[in-house]
There are 2 protein chains.
Amino acid sequence: MQNKKEINAGILIIGNEVLSGRTQDVNTSTLAIWLNSLGIPVAEVRVIPDDESIIINTVNELRKKYSYVFTTGGIGPTHDDITAESVSKAFNIEYGFHKEAFSILENYYKPGEFNEGRQKMAKMPVSANLILNPSSGAPGFYVENVFCLPGVPSIMKAMLGSLNNLLVGGEPILSETINLRTVESEIAKSLTEVQNNNSEVEIGSYPFFKAGKLGVSIVVRSVDKTKIDKCNSEILKFVKDKEIEIVER
Amino acid sequence: MQNKKEINAGILIIGNEVLSGRTQDVNTSTLAIWLNSLGIPVAEVRVIPDDESIIINTVNELRKKYSYVFTTGGIGPTHDDITAESVSKAFNIEYGFHKEAFSILENYYKPGEFNEGRQKMAKMPVSANLILNPSSGAPGFYVENVFCLPGVPSIMKAMLGSLNNLLVGGEPILSETINLRTVESEIAKSLTEVQNNNSEVEIGSYPFFKAGKLGVSIVVRSVDKTKIDKCNSEILKFVKDKEIEIVER
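Here the structure is a predicted model, which is why all the values come from computation and not from measurement.

A. Inspection of the overall build of chain A at higher detail. Scanning chain A from terminus to terminus reveals nine helices and 12 strands. In terms of overall dimensions, chain A has a C-alpha envelope of 70 × 40 × 30 Å along the principal axes. Taking all 249 residues of chain A together, the buried fraction comes to 56%. Taking as baseline every contact in chain A between residues at least 6 positions apart, the subset at least 24 positions apart corresponds to 70%. Element-wise, carbon and sulfur atoms account for 51% of the exposed surface of chain A, whose accessible area totals about 11,200 Å². Distance from the positive charge centre (26 side chains) to the negative charge centre (31 side chains) of chain A: 2 Å.

Dropping the structure here:
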């Protein structure tokens, strides 16, 4: 399904804390929902450690493979923040103080508070473009199709808005969900038939448990609303025939 | 850092619902914490779509790269559950009814309820080993070093216990956390010095916001408790010198 001509994105979560299980990544879901709204489906996510050679190799692999790459994590002031330097090396661009970033941070902090740790956050590929940070000063950056964002979820999310007009997406991916009081095995055969009749629509089936009751969410995704509607009406037909209850979640 | 002689694991989250942002993956963190307790660090996580050729290629790449591979998702009864068939193809093993799995499921369901959808959950690589499911009947399976688990978090978690004695781990990775009322930039320089003095210990620095207050969690990880203790005492020394408050989280 990975077609070079399609517009798509890869996400690269950088951080030992996610691999150790200490931190639950939530940035993938934030990025994916935002990218879908721009018509850019996420083709792959990788979580990798704070390890220079792994970051360099993975950035170089993914930036060739996907239209856009979004990294999160590793652009703060401490010794384990090595994303900016690693991305510089991936692109073979000098790593050093970025003039505009330095100036932004110098203005952001009170006189005397712009210490060595904070200055490190102005170090990045010197020719990078900045991603402004409305939340806490320190900017992210992008080089070609690789966008480097911080790992703190609230700060990362606040920085996405400035990228809306920069990214070129396809048609937004539309999604509709039907929640049923049933189990997957009761509808599996009928759903397969509907999928076979509607090959350009992606139908997902996801069991859920809520308030002690089992259910199944059927998610229908496509860029074409009329195709979703046709598919939904076929689903609702077998749901009615089988006398399955439709529920809220 | 990826040393072929080290024992490590890769995690493969299979599912369009994670890539679309609809579902927040929580299995990575469950698996990582459990694997760490067995002395098996997670080297990489990938999230990929329900796409046969991508699953085959990724399974074949990761199973050569890591000691163990854990997949989640795609082993249910519906048309979008294609992990078992894809893993069969990755290993070039016949995909069909697994006798023991079929027998387990036949016994699990009431007479007449073992329908076509449920029977599909007995289809897998015919020579696979089963991973028993104490929660909902349908087993997972493993072939060589690739362990295939369901995507529903509570069911997946319940199935891990049966694998404890099967996996050969290294020394458990120990971890201690010191939470400080400070910001990263205030301690970045001192922390770098401590890391340089303690190269065999992994020190992570993670900002947090709780009850409206900023803080930093310093996480020190190693297989060697005495190395963690030495490192912690050096951290506590600069914390005292800088008059930084130690806090609960």
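B. Main features of the relation of the copies chain A and chain B. At an RMSD of 0.0 Å, chain A and chain B line up after a rotation of 180° and a shift of 0.0 Å along the axis. The relationship between the two copies is best expressed as a two-fold rotation axis. In terms of proximity to the rotation axis, the leading residue of chain A is A:Arg46, whose C-alpha is 2.2 Å off the axis. The residues that chain A uses at the interface reappear at the interface of chain B in 98% of cases, marking a shared surface.

C. Looking closely at the pairing of strand S2 (residues 42-48) of chain B. Burial analysis of S2(B) places seven of its seven residues in the buried class, which makes it a mostly covered element. Relative to S2(B), strand S2 (residues 42-48) of chain A runs antiparallel, the two sharing three bridges. Bridge pairing in S2(B) places A:Val47 opposite B:Val45. Pairing between strand S1 (residues 9-14) of chain B and S2(B): six bridges, direction parallel.

D. Representation of unusual backbone geometry within the structure. Positive phi is not limited to glycine here, since A:Glu243 has a value of about 55°. Tracing the backbone shows A:Glu243 in the loop between helix H9 (225-241) and strand S12 (245-246).

E. Just the pattern of salt bridges, in detail. For the structure on display, the rule yields 30 salt bridges over all chains. Notably, a salt bridge pairs A:Glu44 with A:Arg46, separated by 2.6 Å at the nearest N-O pair. The buried category is assigned to A:Arg46, whose relative accessible area is 2%. Here B:Lys225 ties to B:Asp229 by a salt bridge, and the two come within 2.8 Å at their closest N and O atoms.

F. View of the packing of helix H3 (residues 52-65) of chain B against helix H4 (residues 83-91) of chain B. All names here are of chain B. The N-to-C vectors of H3 and H4 enclose an angle of 55°; their axes lie 9 Å apart at closest approach. Looking at the two axes, H3 sits oblique to H4. Considering how the two elements wind past one another, H3 and H4 form a crossing that is right-handed. Seen from H3, the contacting residues are Glu52, Ile55, Ile56, Val59, Asn60 and Arg63; seen from H4, they are Thr83, Glu85, Ser86, Val87, Lys89, Ala90 and Phe91. Residue composition of the contact of H3 with H4, by class: six nonpolar, three polar and four charged.

G. Representation of the side chain of A:Arg118 within the structure. The topology assignment puts A:Arg118 in helix H6 (residues 116-120). Once you skip the residues sitting within four places of it in the chain, A:Arg118 turns out to touch A:Leu105, A:Tyr109, A:Glu113, B:Val183, B:Ser185 and B:Glu186.

H. Focus on the packing of aromatic side chains. Under the criterion given, the structure shown has 18 aromatic pairs over all chains. Considering the side-chain rings of A:Phe97 and A:Phe102, the 5.2 Å spacing of their centres and the 80° angle between planes classify their relative orientation as edge-to-face. The exposure class of A:Phe97 is partly exposed, given its relative accessible area of 42%. An aromatic cluster is built from A:Trp34, A:Tyr68, A:Phe70, A:Tyr142 and A:Phe147, whose rings are joined through pairwise contacts. Cation over ring: A:Lys123 sits above A:Phe97, and NZ or CZ is 5.7 Å from the ring centre. One residue, B:Arg63, lies across the ring of B:Phe91, its end atom 3.9 Å from the ring centre.

So, how was this worked out
Residues numbered from 1 in each chain as written. Chains lettered and ligands numbered in written order. Predicted model: local features only at pLDDT ≥ 70, side-chain atom pairs only at ≥ 80, totals over all residues. Heavy atoms only, no water. Helix = DSSP H or I, 4+ residues; strand = E, 2+ residues; numbered from the N terminus. Buried < 20%, exposed > 50% of the residue type's maximum accessible area, 1.4 Å probe, protein only. Contact = heavy atoms within 4.5 Å. Areas by Shrake-Rupley, 256 points an atom, 1.4 Å probe, with all protein chains shown as cover. Lys, Arg positive; Asp, Glu negative; His and termini not counted. Charge placed at Lys NZ, Arg CZ, Asp CG, Glu CD. Least-squares fit on C-alpha atoms with pLDDT ≥ 70 in both. Pairing = 2+ DSSP bridges. Salt bridge = Lys/Arg side-chain N within 4 Å of Asp/Glu carboxyl O. Axes fitted to C-alpha atoms, helices over the stretch in contact; angles between N-to-C directions. Parallel < 35°, antiparallel > 145°, perpendicular 65-115°, else oblique. Left-handed = near helix turned anticlockwise from the far one by under 90°. Nonpolar A, V, L, I, M, F, W, Y, C, P; charged D, E, K, R; others polar. Phe/Tyr/Trp six-rings, centres within 6.5 Å; stacked < 30°, edge-to-face > 60°. Lys NZ or Arg CZ within 6 Å of the ring centre and 35° of its normal.

By themselves, these observations are geometric and do not establish any function.
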